[in-house]
Amino acid sequence: MKIVVCIKQVPASNDAKIDPETKRIIRDAVKSILNPFDNYALEEGVGLREKFGGEVIALTMGPPAAEAVIKEAIALGVDSGILLSDRAFGGSDTWATSYALAKAIEKIGNVDLVICGKQAIDGDTAQVGPGIAAHLNWQQATYLMEIKRKDEKVILAKRLHESGYDICEMTLPAVVTVVKGINTPRVPTLKGRLTSLNAEIPVWKPSDIDANVDQLGLNGSPTRVVRTDPPAPRLSSTIKIEGSAQHCAKELVRQLRLRSIV
Amino acid sequence: MITKTEIEKMNFRNVWVIAEVEGGIVQPVTFELLGSARELADKRGSEVWAILLGYKIQDIQLFAYGADVCVVIDDHRLTHFIDELEAKILSRLIEKYLPEIILCGATSRGRALIPRVAVATYCGLTADCTQLDIDPNNGDLLQTRPAFGGNILATIRSSNHRPQIASVRPRVMKIPQPNNDRDGIIIFESILPSDELNSKKVVDVYHDAQSAINLADAEIIIAGGRGTHGKAGFELLRQLAQKVGGAVGASRAAVDSGWIPYTHQVGQTGQTVQTKIYIACGISGQIQHLVGMQSCDLIIAIDKNPDTPMMQMADIAIVGDMFEILPELINEINLR
Ligand SMILES: Cc1cc2nc3c(=O)[nH]c(=O)nc-3n(C[C@H](O)[C@H](O)[C@H](O)COP(=O)(O)OP(=O)(O)OC[C@H]3O[C@@H](n4cnc5c(N)ncnc54)[C@H](O)[C@@H]3O)c2cc1C
Ligand SMILES: Nc1ncnc2c1ncn2[C@@H]1O[C@H](COP(=O)(O)O)[C@@H](O)[C@H]1O
């Protein structure tokens, strides 16, 4: 199986800074990490390769510093990585991001499976995975809790949804997104770390993936962030209840009554 | 990029709601969306259309909740959710009827379906909106959504594209009072050969009340953290949850300890919930947990340590041992 895992570098903390001009997030102001959900995507890719053979490639689009997450992926066991980085990609929304990633996946060629995280913790959109599938016109399945291989060309995907699970049988090539429960990611080995230190990460530009530059970056993005605000603060102050357990329970019920809740 | 001119934009009219149909039953999120759609359409002087895809759909008349037109495709091939098929059908209907705005629930299903449609139609899509408004002059949808785990509210426009598509976070918009005197038109459509793309098939379905992105559907969540100390502690939470008709949530520390499955995890790498009441028992309230529950209406914390972030931010903070307080609380509720 030839697998591409899409990973994203995201700000580690939640105190994001916004560029007043472009209204986009300033990515280098805070420490960056690998998007936590993508860790599960990487583990799933590496696990599938260990079982069925083949190759796993990590793919990210981001500023030059995003090379760090590719190195991390290599330390975790992927075979190679590619960084899409160029001014022209800057300011992409999910439409343009998934377009660029899809073009890169086409360029890589003969890919059977693309694995994404459920969502990235900065934007929380969960749109890029299905977006890639749509650009490639491949089948997709999201929020996966399990991936089983039926044969060379068919996988069984266990989808998590509001009222339970379902299992769908899908034909490769396909795009999937995974949730946290799907596996337990390994930690990098010392050998993995050393390999990643020496790894050369190719950087691809729009011309390398035959992308139409009109469909990339801010230009290619149908959405515009026009304003950002802090959320309304929680207004109420804290009511503290202390004392014996019985007193606490009684007082809580009284407080709920005051609010006409019980 | 395929942008629309002002003249072209005028061909796009009406506000669509993509109904969520599960086992033939229209899900509540649909009514929430209809409420929002009605407000937008009224400001714009246009109609609300509900689009229903499913099999053996019951109660297709969504007029009481604000729809003017219901477009229905009822077909056995729509029994289960097949992303590719529904996306194809919607793209075709969009080309045929040219809606100005499309709203879809930000459910597991909506979040899989609607990005596919947005890509296929080259439209802007804003995920997980919590607030919607319209610029009455040009019909631009002002889509507000939390980003960075709720630390920022971003307002987004997609001025040069039509339709404008938004997914809307469930349980944020209010369900309107139904008005049974309202009437409307039903349009039946069918699946065309062009809709079928060698689609996958669903081979098994299991409903699992315990699974639960349905945390999001609960009015009350009783959540436990490391302070719950184990499965026995969660049993206590479950008892209380049962008494009050709530669901059980958890911090990542509790999930990683194996006391409760991941589907119950609240927070940055779990679910975002917005319930009426959230009772945090033995959860210190690290930022990654808070971002998943800070918009709940009433937050109650029970912790031995009065100085945790959770105890500081809670509306009601009870200082004490949860193993002593919860049984008393269950008792107290039993007395009523
Ligand atoms: C990338 C990333 C993503 C993360 N995502 C999430 C996420 O989605 N959700 C999440 O929850 N966390 C997440 N975390 C973890 C988070 O940072 C915290 O580690 C976690 O939330 C702590 O869980 P806790 O509050 O249960 O445990 P602790 O911080 O250990 O708190 C336990 C609390 O229980 C109290 N206590 C102990 N005994 C009792 C008793 N008998 N009665 C009453 N109180 C008692 C203690 O005083 C303490 O306040 C994430 C972390 C990272 C790095
Ligand atoms: N810039 C990017 N580069 C590579 N993969 C990405 C990028 N943005 C998003 N993804 C993938 O898409 C998933 C969902 O991201 P999002 O739609 O932004 O919430 C992530 O978990 C990644 O797997």
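Predicted model, so just to flag it, every value in this text is computed and none were measured.

S.K.: I tried to follow helix H4 (residues 108-120) of chain B on my own but got confused; where do I start?
M.R.: Spacing of three or four residues puts side chains on the same side of an α-helix, whose turn is 3.6 residues. With 12 of 13 residues buried, H4 of chain B is to be regarded as a mostly interior element. If you check which residues of H4 of chain B are buried, you get Ser108, Arg109, Gly110, Arg111, Ala112, Leu113, Ile114, Pro115, Arg116, Val117, Ala118 and Val119 of chain B.

S.K.: Would you explain the site of ligand 2 in this entry?
M.R.: Residue and element names in this part refer to chain A. Every one of the 18 residues lining ligand 2 counts as a neighbour, but Cys6, Ile7, Asp38, Ala120 and Thr125 are closest to it. Ile7 has a polar backbone atom sitting 3.3 Å from a nitrogen atom of ligand 2. At 2.7 Å, a backbone N or O of Ala120 approaches an oxygen atom of ligand 2. If ligand 2 stood free it would expose 480 Å²; the protein chains cover 97% of that surface. Contributions of two or more residues to the shell around ligand 2 are made by strand S4 (55-61), helix H3 (94-108) and strand S6 (113-117). At three residues, S4 tops the list of elements feeding residues into the shell around ligand 2. Of the residues assigned to the shell around ligand 2, the class counts are nine nonpolar, seven polar and two charged.

S.K.: What is the right way to look at the interface of chain B and chain A in this model?
M.R.: Many structure descriptions define interface size as the accessible area lost when the parts assemble. The interface is formed by 84 residues belonging to chain B together with 82 residues belonging to chain A. Summing both sides of the interface, chain B and chain A together bury roughly 7100 Å²; the carbon and sulfur share of this comes to 56%. At the boundary of chain B and chain A, one finds four salt bridges. Counting the contacts that link chain B with chain A gives 34 residue pairs in polar contact (both at pLDDT 80 or more). Among the residues making up the side of chain B that touches chain A, the classes are represented as 41 nonpolar, 23 polar and 20 charged.

S.K.: What's the story with the domain arrangement of chain B in this structure? I'm lost.
M.R.: Residues and elements named next belong to chain B. Each domain of chain B was delimited in the assignment, giving domain 1 (4-196) and domain 2 (215-335). One C-alpha centre belongs to domain 1, the other to domain 2; they are set 34 Å apart. Between domain 1 and domain 2, the residue contacts involve six residues of the former and nine residues of the latter. Our count for the domain 1 to domain 2 interface comes out at zero salt bridges. The interface formed by domain 1 and domain 2 contains zero residue pairs in polar contact (both at pLDDT 80 or more). Here the residues of the side of domain 1 that touches domain 2 are counted per class, giving one nonpolar, three polar and two charged.

S.K.: Would you mind showing me how to read the site of ligand 1 here?
M.R.: Lining the immediate surroundings of ligand 1 are 29 residues, of which Arg226, Ser251, Thr269, Ser284 and Asp303 of chain B lie closest. Each of chains A and B places residues near ligand 1. Within the contact set of ligand 1, an oxygen atom lies 3.0 Å away from a backbone nitrogen or oxygen of Gln268 of chain B. Within the backbone of Met322 of chain B, an N or O atom sits 2.9 Å from a nitrogen atom of ligand 1. Here ligand 1 has 990 Å² of accessible area as a free molecule, and 81% of this is covered by the chains. Looking at the shell around ligand 1 residue by residue, the class counts come to six nonpolar, 18 polar and five charged.

S.K.: Sorry if this is basic, but what is going on with the pairing of strand S14 (residues 220-224) of chain B here?
M.R.: Residues and elements named next belong to chain B. Most of S14 is tucked away, with five of its five residues classed as buried. Side chains Ile220, Ile222 and Gly224 of S14 all project onto a buried face; the interleaved residues Ile221 and Ala223 project onto the opposite face, where all are buried too. When S14 meets strand S16 (residues 277-281), the two strands line up parallel, connected through five bridges. When the bridges of S16 are listed, Ala223 appears paired with Ala280. Assessed by its sense of winding, the connection that carries the chain from S14 through helix H5 (residues 231-244) to strand S15 (residues 247-250) is right-handed.

S.K.: Explanation requested: the packing of helix H4 (residues 128-136) of chain A against H4 of chain B in the structure shown.
M.R.: Two numbers describe a pair of packed helices, the interaxial angle and the distance between the axes. Running from amino to carboxyl end, H4 of chain A crosses H4 of chain B at an angle of 45°, the nearest separation of the two axes being 8 Å. What the angle tells us is that H4 of chain A and H4 of chain B run oblique. Every pair of crossing elements has a handedness; the one defined by H4 of chain A and H4 of chain B is right-handed. Between H4 of chain A and H4 of chain B, the residues in contact are Pro130, Gly131, Ala133, Ala134 and His135 of chain A and Arg111, Ala112, Pro115, Arg116 and Val119 of chain B, respectively. Of the residues contributing to the contact of H4 of chain A with H4 of chain B, the split by class is six nonpolar, two polar and two charged.

S.K.: Which parts of the structure should I look at to understand the packing of aromatic side chains?
M.R.: In this description, an aromatic ring pair is defined by two values, namely the gap between the centres and the angle between the planes. Inspection of every chain in the model, using the stated rule, returns seven aromatic pairs over all chains. Within the aromatic cluster, the residues linked to one another by ring pairs are Trp95 and Tyr99 of chain A together with Tyr122 of chain B. Directly above the aromatic system of Tyr165 of chain A lies the positively charged group of Lys158 of chain A, at a separation of 4.5 Å from the ring centroid.

S.K.: Hey, could you run me through the sheet that holds strand S18 (residues 316-319) of chain B in this one?
M.R.: Strands pair in a sheet through their backbones, by hydrogen bonds, and they do so in one of two ways: parallel or antiparallel. Reading across the sheet, the six strands line up as S13(A)-S18(B)-S17(B)-S16(B)-S14(B)-S15(B) and stay open at both edges, with parallel pairing between neighbours. Edge strands, defined here as strands with exactly one partner in the open sheet, are strand S13 (239-241) of chain A together with S15 of chain B. Recorded for the sheet is a direction-independent mean angle of 20° between the axes of neighbouring strands. In the sheet, S13 of chain A pairs with S18 of chain B via three bridges, with the strands oriented parallel. Across the sheet, residue Lys240 of chain A finds its bridge partner in S18 of chain B, namely Ala317 of chain B. The sheet strands contacting helix H7 (residues 245-258) of chain A are S13 of chain A together with strand S17 (298-303) and S18 of chain B, and the helix crosses S13 of chain A at an angle near 150°. In this fold H5 of chain B packs onto S14, S15 and S16 of chain B, with an angle of close to 175° to the strand it touches most, S14 of chain B.

S.K.: In this structure, what is going on with the sheet that holds strand S9 (residues 141-147) of chain B? I would like to understand it.
M.R.: Taken in spatial order, the four strands line up as S12(A)-S10(B)-S9(B)-S8(B) in an open sheet, and their pairing is antiparallel. Of all the strands in the sheet, the pair left with one neighbour each is strand S12 (224-229) of chain A together with strand S8 (131-134) of chain B. Pairs of neighbouring strands in the sheet enclose a mean axial angle of 25°, with direction left out of account. Both S9 of chain B and strand S10 (residues 152-157) of chain B contribute to a ladder of five bridges, which runs antiparallel. Within S10 of chain B, the residue paired with Gln143 of chain B across the bridge is Ile156 of chain B.

S.K.: What is the right way to read the packing of H3 of chain A against H4 of chain A from this model?
M.R.: Residue and element names in this part refer to chain A. Between H3 and H4, whose axes approach to 8 Å, the crossing angle comes to 55°. With respect to each other, H3 and H4 are oriented oblique. Between H3 and H4 lies a crossing of right-handed hand. Of H4, the residues touching H3 (which contributes Thr94, Trp95, Thr97, Ser98, Tyr99, Leu101, Ala102, Ile105 and Glu106) are Val128, Gly131, Ile132, His135 and Leu136. Residues belonging to the contact of H3 with H4 are distributed by class as follows: eight nonpolar, five polar and one charged.

S.K.: Where do I start with the pairing of strand S10 (residues 174-178) of chain A in this structure?
M.R.: On a regular strand, one side chain projects to one face of the sheet and the next to the other, so that they alternate. All names here are of chain A. For S10, the buried fraction is high: five of the five residues fall into the buried class. Judged by which residues are buried, S10 turns out to be covered on both faces: Ala174, Val176 and Val178 on one side and Val175 and Thr177 on the other are all buried. Judged from the five bridges that link them, S6 and S10 form a sheet pairing that is parallel. Across the sheet, the residue bridging to Val114 is Val175, located in S10.

Rules and cut-offs
- Residues numbered from 1 in each chain as written.
- Chains lettered and ligands numbered in written order.
- Predicted model: local features only at pLDDT ≥ 70, side-chain atom pairs only at ≥ 80, totals over all residues.
- Heavy atoms only, no water.
- Buried < 20%, exposed > 50% of the residue type's maximum accessible area, 1.4 Å probe, protein only.
- Helix = DSSP H or I, 4+ residues; strand = E, 2+ residues; numbered from the N terminus.
- Near = heavy atom within 4 Å.
- Polar contact = N/O pair within 3.5 Å; in protein donor to acceptor, adjacent residues only side chain to side chain.
- Areas by Shrake-Rupley, 256 points an atom, 1.4 Å probe, with all protein chains shown as cover.
- Nonpolar A, V, L, I, M, F, W, Y, C, P; charged D, E, K, R; others polar.
- Contact = heavy atoms within 4.5 Å.
- Buried area = accessible area lost by both parts, 1.4 Å probe.
- Salt bridge = Lys/Arg side-chain N within 4 Å of Asp/Glu carboxyl O.
- Domains from an automatic or database assignment.
- Pairing = 2+ DSSP bridges.
- Right-handed = clockwise from strand over helix to strand, strands pointing away.
- Axes fitted to C-alpha atoms, helices over the stretch in contact; angles between N-to-C directions.
- Parallel < 35°, antiparallel > 145°, perpendicular 65-115°, else oblique.
- Left-handed = near helix turned anticlockwise from the far one by under 90°.
- Phe/Tyr/Trp six-rings, centres within 6.5 Å; stacked < 30°, edge-to-face > 60°.
- Lys NZ or Arg CZ within 6 Å of the ring centre and 35° of its normal.

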